[in-house]
Amino acid sequence: MYFALEQPTGAHLLTADDEELSVPVTLRYASDDPLAVHFIFPAWISLDEEEVIWTFARGLLEEGLGHPSGLGNVHVRPFGPSRTAVEFRAPEGAAVVLFETTSLYRFLLRSYEVTEPGGEPVGHALDQGLASLLGGV
């Protein structure tokens, strides 16, 4: 059975001047993609004025709540006593977005109600990942 959860939350984008710009973000988890989480940003925040969706491993989010984690385009780390920084890297540049740690933790707990950690059906996810990498070959 397919199940998805979404959790709207507030966040703060760090600007080049170290100021914080409030931005709404929707956190999404779906049972048909059990290894991933999706962070959805509104169109007004992007350079091309289109909604931006960043998808990365749920395990990375979990690890990053406790200590700096990540390789590649997404890095997650504690930021002070009550916030978590998520850094998104793209060819156009990097963006650091700050979240209340409790909001991210609540989202993870809700995702565990859909699919327990370690209970993900890896076979289907692996097949999808390989098909994506190979372009359907």
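The structure we're discussing is the one just above.
Sequence order sets the numbering: in each chain, residues are counted from 1 along the sequence as written. In view of the model being predicted, local features appear only for residues whose pLDDT reaches at least 70, and side-chain atom pairs are presented and counted only at 80 or more, with totals across whole chains, interfaces and linings using the full set of residues. Computation of side-chain values: all heavy atoms of the structure, hydrogens and water removed.

S.K.: Help me get a handle on the packing of aromatic side chains, residues and values and all.
M.R.: Any aromatic ring pair is given by two values, namely how distant the centres are and how the planes are angled relative to each other. Ring geometry is summarised as follows: Phe, Tyr and Trp rings, the Trp one being its six-membered ring, pair when their centres sit within 6.5 Å, and such pairs are stacked at plane angles under 30 degrees, edge-to-face over 60 and tilted between the two. Applying the stated criterion across every chain yields a total of 6 aromatic pairs. Ring centres of W54 and F88 lie 4.9 Å apart, and the angle between their planes is 45°; this geometry places the pair in the tilted category. Of the two residues, W54 sits in strand 4 (residues 52-57) while F88 sits in strand 6 (residues 83-90), which places them 34 residues apart along the sequence. Like F88, W54 is buried. An aromatic cluster is defined as three or more aromatic residues linked by ring pairs; in this entry it consists of F39, F41, W54, F56, F88 and F99. What counts as a helix is a DSSP run of H or I of at least four residues, what counts as a strand is a run of E of at least two, and both are numbered from the N terminus. The classification of residues rests on relative accessible area computed with a 1.4 Å probe and restricted to protein chains. Under 20% of the type maximum is buried, over 50% is exposed, and intermediate values are partly exposed.

S.K.: Break down the pattern of salt bridges for me, with residues and values.
M.R.: The rule for a salt bridge is simple: a side-chain nitrogen of Lys or Arg has to be within 4 Å of a carboxyl oxygen of Asp or Glu. Under the defined criterion, the tally for this structure stands at 4 salt bridges. Residue E87 pairs with R89 through a salt bridge whose shortest N-O separation is 3.1 Å. The network of salt bridges with shared partners includes R77, E87 and R89.

S.K.: Which residues make up the nonpolar core, and what values go with them?
M.R.: A general trend in soluble globular proteins is that nonpolar side chains are found buried together. What is meant by a nonpolar core is a set of buried Ala, Val, Leu, Ile, Met, Phe, Trp, Tyr and Cys residues, joined one to another through side-chain atoms within 4.5 Å. Formed by 25 residues in total, the largest nonpolar core has its most connected members in V25, F39, F56, L61, V74, F88 and F99. Note on contacts: a residue pair is in contact if any heavy atoms of the two residues lie within 4.5 Å. In contact with F39, other than residues within four places in its own chain, are V25, T26, L27, V52, I53, W54, F56, L61, V86, F88, F99 and L104.

S.K.: Which residues make up the pairing of strand 3 (residues 36-41), and what values go with them?
M.R.: Within strand 3, 6 of the 6 residues are buried, which leaves the element mostly enclosed by the surrounding structure. For two strands to be treated as a pair, DSSP must find at least two bridges joining them. Between the end of strand 2 (residues 20-30) and the start of strand 3, which pair antiparallel, lie 5 residues. Pairing between strand 3 and strand 4: 6 bridges, direction antiparallel. Each residue of the ladder has a partner; that of F39, found in strand 4, is W54.

S.K.: Break down the sheet that holds strand 7 (residues 93-100) for me, citing the residues and quoting the values.
M.R.: Strand order across the open sheet formed by 7 strands is 4-3-2-1-7-6-5, with antiparallel pairing between neighbours. The open sheet terminates on both sides in strands that have one partner only, identified here as strand 4 and strand 5 (74-79). Shown here is a sheet whose adjacent strand axes are inclined to one another by a mean of 30°, direction ignored. As a rule, the C-alpha atoms of each element are fitted with a line to give its axis, helices using only the stretch in contact, and angles between N-to-C directions run from 0 to 180 degrees.

S.K.: Residue-level account of the side chain of R83, with values.
M.R.: Locating R83 in the fold gives a position in strand 6. Taking the relative accessible area as the measure of exposure, R83 reaches 18% and is therefore buried. Counting of polar contacts relies on pairs of N or O atoms within 3.5 Å, with two restrictions inside protein: one atom must be capable of donating a hydrogen and the other of accepting it, and residues adjacent in sequence are counted only when both atoms are side-chain atoms. Reaching out from R83, the side chain makes a polar contact with the side chain of E20 at a distance of 2.9 Å. Discounting residues that sit within four places of it in the chain, R83 has contacts with H12, E20, P78, L98, F99, E100 and T101.

S.K.: I'd like to hear about the side chain of S111, residue by residue, with values.
M.R.: Following the sequence through the fold, S111 ends up in helix 2 (residues 101-114). Apart from residues lying up to four places away in sequence, S111 is in contact with L5, Y29 and R58.

Read these as spatial facts, not as claims about activity.
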